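Observations on the three-dimensional arrangement
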Amino acid sequence: MELYDAMRTTFSARDFTADPVSDEVLGRILDNARFAPSGGNRQGWHVIVVRDPAMRAALGPLIEPACKRYLAEVKAGANPWNTVEPADIGQADVDAVTVPPGFIDRLVHAPLVLLVTVDLSVVASMDQHLERIGVISGASIYPFVWNILLAARNEGLGGTLTTFLVAEEAKAKTLFGIPQNHALAAMLPIGKPVKQLTRLRRHPVSAFATVDAFDGNAFGG
Ligand SMILES: Cc1cc2nc3c(=O)[nH]c(=O)nc-3n(C[C@H](O)[C@H](O)[C@H](O)COP(=O)(O)O)c2cc1C
């Protein structure tokens, strides 16, 4: 598939048909995704292909608390899980939220579920001394994660970059035997989407690109 088409249509698929994803297809996806860049080319990624139905089922309760908090914070009008302007809600607000029935099950029982971890002992975290939340460490793993999703799109598949499992990282690490130095970066449910979206809602270039300064003239392309 043409690269720009793939970039413009790789949406977050959360509903999948029952069609399985073969090892051959997954092998191709990973074999192409591995060309992603990482700081110093350290390639600290690891992928766990979650096949065991019991382990799949165990993911649900780990995901639910973060999902509920996300929904409660959205309901309160906040940017969910934000550190700059934390949502002003309490546990009671979180408890009051119900995750739409089947939402989590569809993800953890997707035809394919991948967990992607990154070895923090090889990651260059250039922003580690700054007084803000870190972003640079993620840059050594999310290009790889996104390559997986782009490659899946190229294979006629879809998936979603999910992070809500990370809120319960300690429990997930115990469940899957993830080493101490590794951080959980994403859980990727992947399969054949029930519906292929082709029009993604994104801001136009003029809304985010400026010339010479952050508040400079909008870049016109
Ligand atoms: C860093 C990151 C974390 C995300 N975490 C989740 C998640 O935990 N659960 C989920 O359902 N979607 C998650 N998403 C998917 C976004 O919600 C999705 O990309 C966004 O709503 C745009 O939807 P679209 O890609 O279908 O246009 C995440 C996306 C990114 C980039």
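Below, the structure is looked at part by part. Here the structure is a predicted model, which means the values were calculated and not measured.

This paragraph deals with the overall build of the protein chain. Each helix and strand counted, the protein chain has seven helices and four strands in total. Reading the secondary structure of the protein chain in the N-to-C direction produces α-α-β-α-α-α-β-α-β-α-β. A compact globule built from 221 residues would reach a C-alpha radius of gyration of about 17 Å, and the protein chain, at 19 Å, matches this within 12%. Each principal axis of the C-alpha distribution contributes one length, and for the protein chain these read about 55 × 45 × 40 Å.

Okay, helix H7 (residues 169-176) next. Within H7, the full set of buried residues consists of Ala172, Lys173 and Phe176. Angular distribution of buried residues about the axis of H7 spans 100°; they occupy a single face of the element. Turned more than 90 degrees away from the buried face of H7, the exposed residues are Ala170 and Thr174. Where H7 is buried, its residues contact strand E1 (45-49), helix H3 (53-75), strand E2 (112-119) and strand E4 (182-191). Looking one or two places after H7, you find Gly177, whose phi comes out positive at around 65°.

On to the packing of helix H2 (residues 23-33) against helix H6 (residues 142-154), then. Two numbers describe a pair of packed helices, the interaxial angle and the distance between the axes. In the contact formed by H2 and H6, the axes pass within 8 Å of each other and the chain directions differ by 135°. Judged by the angle between their axes, H2 and H6 are oblique. As for the relative orientation of H2 and H6, their crossing is right-handed in sense. Note on element contacts: H6 touches H2 through Phe144, Asn147, Ile148, Ala151 and Ala152, opposite Ile29, Leu30, Asn32 and Ala33. Partitioning the contact of H2 with H6 into residue classes produces seven nonpolar, two polar and no charged.

A few words now on the site of the ligand. Taken together, Phe11, Ser12, Arg14, Phe103, Thr160, Leu161, Thr162, Thr163, Phe164, Leu200 and Arg202 make up all the residues around the ligand. Contacts to the ligand include Leu161, whose backbone N or O atom sits 2.9 Å from a nitrogen atom. Relative to its free-state accessible area of 630 Å², the ligand is covered by the protein chains to the extent of 59%. Within the shell around the ligand, the residues separate by chemical class into five nonpolar, four polar and two charged.

With that settled, the discussion passes to the environment of Gly40. By secondary structure assignment, the location of Gly40 is in the loop between H2 and E1. Under the relative-accessibility criterion, Gly40 is labelled exposed at 64%. Note: C-alpha distance between Gly40 and Met126 (86 residues apart in sequence) is 12 Å.

Residues Met126, Ile133, Val135 and Ile136 make up a contiguous nonpolar surface patch of roughly 420 Å² in combined accessible area. Of note, Val135 is situated in the loop between E2 and H6.

What the rule picks out here adds up to two aromatic pairs. Taken together, a centroid distance of 4.3 Å and an interplanar angle of 5° make the contact between Trp45 and Phe144 stacked. Taken together, the residues Trp45 in strand E1 and Phe144 in helix H6 connect sequence positions 99 residues apart. Just as Trp45 is buried, Phe144 falls in that class too. For the pair Phe103 and Phe164, a centre-to-centre distance of 6.5 Å together with 85° between the ring planes defines the contact as edge-to-face. Of the two residues, Phe103 sits in helix H5 (residues 103-108) while Phe164 sits in the loop between strand E3 (158-159) and H7, which places them 61 residues apart along the sequence.

Here we come to the environment of Leu114. For Leu114, the location among the structural elements is in strand E2. Assessed through its relative accessible area of 0%, Leu114 is described here as buried. Leu114 sits 108 residues away from Ala6 along the chain, and the two C-alpha atoms are 20 Å apart. Once residues lying within four places of it in the same chain are set aside, the contact partners of Leu114 are Leu26, Val47, Ile48, Val49, Ile148, Ala186, Met187, Leu188 and Ile190.

One open sheet holds the four strands; their spatial order is E1-E2-E4-E3, and the pairing between them is antiparallel. The open sheet has two edge strands, E1 and E3, and neither has a second partner. Here E3 pairs with E4 via two bridges, running antiparallel. What sits directly across from Gly159, in E4, is Ile190. Sitting on the sheet, H6 touches E1, E2, E3 and E4, and the angle it makes with E4 is about 10°.

What counts as what
- Residues numbered from 1 in each chain as written.
- Predicted model: local features only at pLDDT ≥ 70, side-chain atom pairs only at ≥ 80, totals over all residues.
- Heavy atoms only, no water.
- Helix = DSSP H or I, 4+ residues; strand = E, 2+ residues; numbered from the N terminus.
- Rg over C-alpha atoms; globule rule 2.2 N^0.38 Å.
- Buried < 20%, exposed > 50% of the residue type's maximum accessible area, 1.4 Å probe, protein only.
- Arc of directions from axis to C-beta.
- Contact = heavy atoms within 4.5 Å.
- Axes fitted to C-alpha atoms, helices over the stretch in contact; angles between N-to-C directions.
- Parallel < 35°, antiparallel > 145°, perpendicular 65-115°, else oblique.
- Left-handed = near helix turned anticlockwise from the far one by under 90°.
- Nonpolar A, V, L, I, M, F, W, Y, C, P; charged D, E, K, R; others polar.
- Near = heavy atom within 4 Å.
- Polar contact = N/O pair within 3.5 Å; in protein donor to acceptor, adjacent residues only side chain to side chain.
- Areas by Shrake-Rupley, 256 points an atom, 1.4 Å probe, with all protein chains shown as cover.
- Patch = residues over 30% accessible without salt bridge, like charges linked within 9 Å, V, L, I, M, F, W, Y side chains within 5 Å.
- Salt bridge = Lys/Arg side-chain N within 4 Å of Asp/Glu carboxyl O.
- Phe/Tyr/Trp six-rings, centres within 6.5 Å; stacked < 30°, edge-to-face > 60°.
- Pairing = 2+ DSSP bridges.

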